[in-house]
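This is what each chain is made of:
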Amino acid sequence: LFWARAMGWYATALVDALDHFPENHPKRKDLIRILVRLVNAIEKQQDKETGLWKDILNYDGPGKEKNYFEASASAQFVYAIAKGVRKGYLPASKISIARKGYDGLVKRFIKVENGQTNFHGTVKVSGLGGNPYRDGSFEYYMSEPVIVNDPKGIGAFLLASNEIEMLPTLS
């Protein structure tokens, strides 16, 4: 199983790490190639209708209807792709993935309730390890609560929003 949140953190870390690798660093091109491969892989998992990503990216097994769109991972993917394009790590054509994802985030997860803007759809916590819980199974991931205004989700959304807002300033 490919857990979207782990892949979202990976994408974010990768695009941010590149900021600290000088252009002449011997491994910089390797990191950019990894980012390109990652974006090509997550592009295939992006929902064509909503532009979002499911909590388990590649799951097509029993109970797959329980797999849900996860807000923080989707925001991290939008951030990594938009920043990657802005910094020239990714081809400009990949920006459509980020734009579609961002539109999906706003439409599905941003809700104004009682005069307050809320960010829905982030899984509270999940990970691996421990017995008998956190076994990495599909059932485990689907059992974790999804909450509103989780700091991990809000932070990822703010990063994605910032990158999307900078797009019109790109030449």
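Residues numbered from 1 in each chain as written. Predicted model: local features only at pLDDT ≥ 70, side-chain atom pairs only at ≥ 80, totals over all residues. Heavy atoms only, no water.

## A short note on the packing of aromatic side chains
- Evaluated as defined, the whole model comprises 6 aromatic pairs.
- A centroid spacing of 5.0 Å and a plane angle of 70° characterise the contact between tryptophan 53 and phenylalanine 77, whose relative ring orientation is edge-to-face. Of this pair, tryptophan 53 sits in the loop between α2 (28-45) and α3 (71-86) while phenylalanine 77 sits in helix α3, placing them 24 residues apart in sequence.
- Residue classification places tryptophan 53 among the buried positions, given a relative accessible area of 0%. (Phe/Tyr/Trp six-rings, centres within 6.5 Å; stacked < 30°, edge-to-face > 60°. Helix = DSSP H or I, 4+ residues; strand = E, 2+ residues; numbered from the N terminus. Buried < 20%, exposed > 50% of the residue type's maximum accessible area, 1.4 Å probe, protein only.)

## Re the packing of α3 against helix α4 (residues 95-109)
- Where α3 meets α4, the closest approach of the two axes is 8 Å, and the angle between their N-to-C directions is 150°. The angle between α3 and α4 falls in the class roughly antiparallel. In the packing of α3 onto α4, the handedness of the crossing is left-handed. From α3, Ala71, Ser74, Ala75, Val78, Ile81, Ala82 and Val85 reach across to α4, where they touch Ile95, Ile97, Ala98, Gly101, Tyr102, Leu105 and Phe109.
- Here the contact of α3 with α4 is composed, by residue class, of 12 nonpolar, 2 polar and no charged. (Axes fitted to C-alpha atoms, helices over the stretch in contact; angles between N-to-C directions. Parallel < 35°, antiparallel > 145°, perpendicular 65-115°, else oblique. Left-handed = near helix turned anticlockwise from the far one by under 90°. Contact = heavy atoms within 4.5 Å. Nonpolar A, V, L, I, M, F, W, Y, C, P; charged D, E, K, R; others polar.)

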